[in-house]
Amino acid sequence: GLLDSPLWVDLPPFHGKGSGFRGQCQGVFAFAQVAHLGEECVQAHPQEQWKCIMGEYRMPHLRTPHFLVASQFDSFQLNENVGHRPSTLAERAYAEEFAARTRDVLGKLRAGDRGAIYSWACFDHATTLEDHAFEAGLCMGDSLHHALLQFLGDVEGDRRAWIDECEGFACGPGCPERRLSLGAAA
């Protein structure tokens, strides 16, 4: 499957108020009485089965072939956790901690025969819904479209992980927003 932005990261909100995405997952788990969690995930989290509906904890147990898209500066999660686009030094530091946590989680996933990972250091969310991001944005020199085609076997190549490594807020050199601000063609 094509999984666009499901990697919810278990990081408390910036201001320390509220329960964040952890609390949302716990609430949905309890309210909806979620039962289909996957045996392997339940075994990994027997006392905290709610984790099996949160991306950070569920993805390592996914067996279905998949192409995971996870922006390191996921705009939905950061807007929820900070309250707006991070702008102050402290908010940007929090966003960089979020990105590092995302890369750490991705580093533990098993890219290969069953899956591929596309994670650029951009401030966006649901990348496959936007033409400029799907076609013109780049991670490690490849567009999301090209990386997906490679995963599907429609173009040559054996890469299974595209993960930006850079420092600073939304620092990915191939981010559509960054490329436009630098005057690159999109």
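Definitions and limits used
Residues numbered from 1 in each chain as written. Predicted model: local features only at pLDDT ≥ 70, side-chain atom pairs only at ≥ 80, totals over all residues. Heavy atoms only, no water. Axes fitted to C-alpha atoms, helices over the stretch in contact; angles between N-to-C directions. Helix = DSSP H or I, 4+ residues; strand = E, 2+ residues; numbered from the N terminus. Parallel < 35°, antiparallel > 145°, perpendicular 65-115°, else oblique. Left-handed = near helix turned anticlockwise from the far one by under 90°. Contact = heavy atoms within 4.5 Å. Pairing = 2+ DSSP bridges. 1 Å grid on protein atoms, 1.4 Å probe; cavity = no way out; pocket = protein on both sides within 12 Å on 5 of 7 lines; lining within 4 Å. Points joined across faces, edges and corners; volume = space filled by probe spheres on them. Nonpolar A, V, L, I, M, F, W, Y, C, P; charged D, E, K, R; others polar. Core = buried A, V, L, I, M, F, W, Y, C linked by side-chain atoms within 4.5 Å. Buried < 20%, exposed > 50% of the residue type's maximum accessible area, 1.4 Å probe, protein only. Disulfide = S-S within 2.5 Å.

Enquirer: So what about the packing of helix α4 (residues 75-82) against helix α5 (residues 89-108)? Which residues, and what values?
Expert: Packing of α4 against α5 leaves a shortest axis separation of 11 Å and a crossing angle of 135°. What the angle tells us is that α4 and α5 run oblique. As α4 runs across α5, the sense of the crossing is right-handed. The segment α4 lies against α5, with Gln 77, Leu 78, Asn 81 and Val 82 engaging Glu 91, Tyr 94, Ala 95 and Phe 98.

Enquirer: Lay out the sheet that holds strand β6 (residues 161-163) with the relevant residues and their values.
Expert: Strand order across the open sheet formed by four strands is β1-β2-β4-β6, with parallel pairing between neighbours. With partners counted over all chains shown, the strands left at the sheet margins are β1 (2-4) and β6, one partner each. In this sheet, neighbouring strand axes are inclined to one another by 15° on average, regardless of whether the strands run parallel or antiparallel. In terms of strand pairing, strand β2 (residues 66-69) meets strand β4 (residues 115-119) through four bridges, oriented parallel.

Enquirer: Outline empty space enclosed by the protein, supporting the account with residue identities and numerical values.
Expert: The gaps left among the atoms become clear once a water-sized probe is rolled over them. Across all of its chains, the model carries two cavities of 30 Å³ or more by this definition. Estimates place the volume of the second largest cavity at around 40 Å³. Residue lining of the second largest cavity: Ser 5, Pro 6, Leu 7, Val 9, Ala 70, Ser 71, Asp 74, Gln 77, Phe 98 and Thr 102, and that is the complete set. Here the residues of the lining of the second largest cavity are counted per class, giving five nonpolar, four polar and one charged.

Enquirer: Can you break down the nonpolar core residue by residue, with the values?
Expert: As a rule of thumb, nonpolar side chains are buried together in soluble globular proteins. Ranked by size, the top nonpolar core spans 15 residues in total, and within it Phe 67, Tyr 118, Trp 120, Leu 144 and Trp 162 carry the most contacts. When residues in this core are grouped by element, the largest group, four residues, is from helix α7 (residues 144-152). If we skip the residues at most four places from it in the chain, Leu 144 touches Phe 67, Val 69, Tyr 118, Thr 127, Thr 128, Ala 133, Phe 134 and Gly 137. Counting residues in each nonpolar core, the second largest holds 14 residues, with Val 9, Leu 11, Leu 78 and Ala 170 among its members.

Enquirer: Summarise the state of the cysteines; cite the residues concerned and give the values.
Expert: Overall, the coordinates contain three disulfides when judged by the stated rule. Disulfide pairing is shown between Cys 41 and Cys 52; the S-S distance is 2.2 Å. Between Cys 41 and Cys 52, the disulfide has an S-S torsion of -105° and is therefore left-handed. With Cys 41 in helix α2 (residues 39-44) and Cys 52 in the loop between α2 and α3 (55-58), the pair connects residues that are 11 residues apart, well separated along the chain. This pair shows no difference in class: Cys 41 is buried, exactly as Cys 52 is. The residue that forms a disulfide with Cys 122 is Cys 175, at a sulfur-sulfur distance of 2.0 Å. A torsion of -100° about the S-S bond marks the disulfide between Cys 122 and Cys 175 as left-handed. With Cys 122 in the loop between β4 and β5 (123-124) and Cys 175 in the loop between β6 and α8 (176-181), this residue pair connects regions lying 53 residues apart in the sequence. Across the pair, exposure class does not vary: Cys 122 and Cys 175 are buried alike. This cysteine, Cys 139, is not joined by any disulfide, and Cys 122 carries the nearest cysteine sulfur, 7.6 Å off.

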